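Listed below are the residues making up each chain.
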Amino acid sequence: MEGIVKLITFILFGVLIVCCRCQDIDNDNNNNTDAAVYMITLKQPPSAAFNNYTPNKKKTTTNVTHPFALTTGGANTFENPSFGNLTKKGHHRFGSGHHRFGSRIARVHDSLLRRVLKGEKYLKLYSYHYLINGFAVLVTPEQAQKLSGRKEVANVVPDFSVRTATTHTPQFLGLPQGAWAQEGGYETAGEGVVIGFVDTGIDPTHVSFADGLSENSYPVPERFTGVCEVTRDFPSGSCNRKLVGARHFAASAITRGIFNASQDYASPFDGDGHGTHTASIAAGNHGIPVVVAGHYFGNASGMAPRAHIAVYKALYKSFGGFAADVVAAIDQAAQDGVDVISLSITPNRRPPGIATFFNPIDMALFSAFKSGIFVVQAAGNTGPSPKSVSSFSPWIFTVGAAAHDRKYSNSILLGSNITITGVGLAPGTNDSYSLVSANDALNDSETPNDEYVNECQDSSSLNQTVVEGNLLICSYSIKFVLGQSTISNAIETARNLSAAGIVFTMDPFIIGFQLNPVPMSLPGIIIPSSNDSKILPDYYNSSLTRDPVSKKMIKSEACACIAGGVEANFSNSAPKIMYYSARGPDPEDNSFQDAEILKPNLVAPGNSIWGAWSSGGTESLEFLGESFAMMSGTSMAAPHIAGLAALIKQKFPYFTPSAIGSALSTTASQHDKDGGPIMAQRAYANPDLNQSPATPFDMGSGFVNATAALDPGLILDLGYEDYMSFLCGINGSEPVVLNYTGTNCGPAKVNGADLNLPSITIANLNRTRTIQRTVTNIGANESYSVGWSAPYGVSMKVSPTHFFIANGQKQVLNVLLNSTLNSSVASFGRIELFGDKSHAVNIHLSVIVKIA
């Protein structure tokens, strides 16, 4: 296969074995054009299942040849930076024995491939050994079939693609006076917790990730054993006490011939911007000035500004990513010893098979859950349709996106006394100026109504005498959405022609596109509404005098004044669920059967979020060269929760992942700042005119309440064995569970509704059903009263209605549900527990099909 090195044997720093065996491949005689990447899992348990190793590994500086050195033309190394004499507490989660065991597992993988595919061509990309025992390999479908027939092979799954799905949000979430204050202030918030990011990498030079901004000691947790990959664009010293580990994973992409080392960077460096942005939201340093296009927008901070960051780059600007690389990144993060994994990525398609939960990424995260790692994933940006959520499993905490209360908007006041609102991080004009359309300012050599000319991308096409001192009107077409035309080019055109400012009208063919505020260095505005965009040209044309023959403009009396958009406006109608945020109910399989699992779990700020931007970031051309960018999406919401989870882990280091999820869920807010219901946008077009009160399938348990989550009173906990019983309860799942976990199903089998989750979801209520929930008191002794509101079409009773619970004790709640009518329309209710020490615990109830 073209471009594959004949023999590659590299062993990484005792952790993940990458590209370690390649059967001889003759480029001239290779006809395996149908070869593809497959992920193979074996029945033997992974190394994480064995706990008989001594944690004696010390941090050292280690240089190892990087697996892609021959592919990218430069030798990469790994380093464990020496952090000096630090006061370290805790213990290593992993020992050198795990690394020896991992190497042995890799040799087993190599031996199996040699025996099964003797004399045939193949390329092993990864050996997974910590969370799962398996490997990724480039083979033909026939070879994959051979491997699947071996008794030691549990599963053979084709690789699949994945995609990527703040100055004010700390204040909006109440962190300075709430959660941070409980942790001793921002200078210690999140300290000792490591967040692992599986994303597009990071820019290590950004001040948001510096480690010398505080005089306080900043020890790296001793249990963390990750290393820092060293390359030409990620040089030695890039890691520090803040950024404690960084690697990249691209073997699957490289085998497909789509990896561009100069654009995608064969290193942890972020050539996209997305990963730098998400890392700063969760754990960026506190008090970093945000200056964009010369305008100051306040100071930025991550949710847990003293948490440590570990980066596992598996997504790339030019093609997204592939599951084989993502699983390798997750496996590495778990072995390194991260406490939280943040995934702002989703699969490009719903996983096939008997249930959506059985896919390599979710099952790797299941093993991460078993290791005590809290996993956060973006819900996806495929809303507002029902069942559009792209994060499926109950052990994954799925986050949707909501608008917060800060908005940047400006307006243009026409000479006809009509005001049109728009967007643009731009200054205003001090006075009214004449308007001139790009189409009326053409040089004689240009063609009128030329789309490119109307987009103002080239100043040489326009007559400076006509434009100078006036407001230039340009068209915002689909080319801007596709990145073929840019706002920055248009601004440069306006500047070169000495325009007083610039006005963009939206092309009527662009429907349902949300435009983030764009930085502009001169007065400007973008009118995002196609309807409003008709008002301005109607006024402009009515104020023109044209030559009756040539149709050229003779005189224009149209004028306007632009109000500035640099100052933020604040609204009480927040939070609000954004139209793009993916919705439940959670689809259990490809036939759209409903899983009895609430998705999303929660919503967090995700719209118009300021975050650090990579110096090489190209995802948003309008922020090219800037150190901060404003982005929107569930990708921005997920790291908010990752950072807040770090605060909870810092306060309650003994909390399981389920306990952290419970604390976030049961304390979530149900109301906006005005005290009204949280609203959800229901349409792409005119979303604010198409909204209604949000349901749990829009917002999960509600909008995150950071302060309350640090003092939840009661938690609902469950563990790995509970989820095993759930998976085994899926019809026909026993062989699949065995294949993925290496464990046979036992007699205990439960439905999703019977898991001790902080919510209750019932896909089909046939007459009557009793559900139990067990709460555990992690606070002081307290008395609780129980109230509830029943879903429409359901009668319910919860017992007991009052109880006293001491610290550490448990209380079982019995929930009796009766269907009172036949309906297939989902309805919603809630159980509320009120403590006499001011704790309030909410458990949301969703019933879809009701049979009386």
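This structure is a prediction, so every number in the text was calculated from the model and none was measured.

1. Quick notes on a nonpolar patch on the surface
No. 1: A contiguous nonpolar patch, built from Ile478, Val481 and Leu482 and spanning about 250 Å² of accessible area, is present on the exposed surface.
No. 2: By the secondary structure assignment, Ile478 is in helix 13 (residues 478-482).
No. 3: Judged by relative accessible area, Ile478 falls into the partly exposed class, the value being 44%.

2. A look at the confidence of the model for the protein chain
No. 1: Overall, the prediction assigns the protein chain a mean pLDDT of 85, with 86% of residues at 70 or greater.
No. 2: The low-confidence segment residues 1-22 (pLDDT under 50) makes 91 contacts with residues lying over four places distant or belonging to another chain.
No. 3: Between residues 82-98, whose pLDDT stays under 50, and residues either more than four places distant or in other chains, the model counts 47 contacts.

3. A closer look at the packing of aromatic side chains
No. 1: The tally for this structure, following the rule as stated, stands at 27 aromatic pairs.
No. 2: Residues Phe319 and Phe322 carry aromatic rings whose centres are separated by 6.0 Å and whose planes lie at 20° to one another, so their mutual orientation is stacked. As far as burial versus exposure is concerned, Phe319 and Phe322 are alike and both buried.
No. 3: Ring plane angle 85° and centroid distance 5.1 Å describe the contact between Phe697 and Phe828, whose orientation is recorded as edge-to-face. Here Phe697 is found in helix 18 (residues 696-699), whereas its partner Phe828 is found in strand 44 (residues 827-835), with 131 residues between them in sequence.

4. Description of the state of the cysteines
No. 1: As enumerated under the stated definition, the model contains three disulfides in all.
No. 2: Shown here is the disulfide that connects Cys728 with Cys745, its sulfur atoms set 2.0 Å apart. Handedness of the Cys728-Cys745 disulfide follows from its S-S torsion of about -85°: it is left-handed. Placement of Cys728 in helix 20 (residues 720-728) and of Cys745 in the loop between helix 21 (734-741) and strand 38 (759-766) is noted, with a sequence separation of 17 residues between them.
No. 3: On the basis of relative accessible area, Cys745 is assigned to the buried category, the value being 17%.
No. 4: In the protein chain, the cysteines engaged in disulfides, taken in order along the sequence, are linked 1-2, 3-4, 5-6.
No. 5: Looking at the unpaired Cys559, the closest cysteine sulfur is the one in Cys561, lying at 9.4 Å.

5. Examining the sheet that holds strand 39 (residues 768-777)
No. 1: Spatially, four strands are ordered 37-39-43-41 in an open sheet, and the strand pairing comes out antiparallel. Each edge of the open sheet is held by one strand with a lone partner, namely strand 37 (714-715) and strand 41 (794-799).

6. Details of the sheet that holds strand 44
Where strands meet in a sheet, backbone hydrogen bonds hold them as pairs that are either parallel or antiparallel.
No. 1: Read from one edge to the other, the open sheet built from five strands follows the order 38-45-44-40-42, with strand pairing classed as mixed. Strands at the two margins of the open sheet, each flanked by one partner only, are strand 38 and strand 42 (802-805). With direction set aside, neighbouring strand axes in the sheet form an average angle of 25°.
No. 2: Across four bridges, strand 40 (residues 782-789) lies against strand 42 in antiparallel orientation. Looking across to strand 42, one finds that Ser785 is bridged to His802.

7. Observations concerning helix 16 (residues 634-651)
Within an α-helix, residues lying three or four positions from one another point in the same direction, as the helix has 3.6 residues per turn.
No. 1: The terminal C-alpha atoms of helix 16, which comprises 18 residues, lie 26 Å apart, in line with the 26 Å expected from a rise of 1.5 Å per residue.
No. 2: Burial runs high along helix 16: 16 of the 18 residues are buried.

Cut-offs and rules
- Residues numbered from 1 in each chain as written.
- Predicted model: local features only at pLDDT ≥ 70, side-chain atom pairs only at ≥ 80, totals over all residues.
- Heavy atoms only, no water.
- Patch = residues over 30% accessible without salt bridge, like charges linked within 9 Å, V, L, I, M, F, W, Y side chains within 5 Å.
- Areas by Shrake-Rupley, 256 points an atom, 1.4 Å probe, with all protein chains shown as cover.
- Salt bridge = Lys/Arg side-chain N within 4 Å of Asp/Glu carboxyl O.
- Helix = DSSP H or I, 4+ residues; strand = E, 2+ residues; numbered from the N terminus.
- Buried < 20%, exposed > 50% of the residue type's maximum accessible area, 1.4 Å probe, protein only.
- pLDDT = per-residue confidence, 0-100.
- Contact = heavy atoms within 4.5 Å.
- Phe/Tyr/Trp six-rings, centres within 6.5 Å; stacked < 30°, edge-to-face > 60°.
- Disulfide = S-S within 2.5 Å.
- Pairing = 2+ DSSP bridges.
- Axes fitted to C-alpha atoms, helices over the stretch in contact; angles between N-to-C directions.
- Expected span 1.5 Å × (residues − 1).

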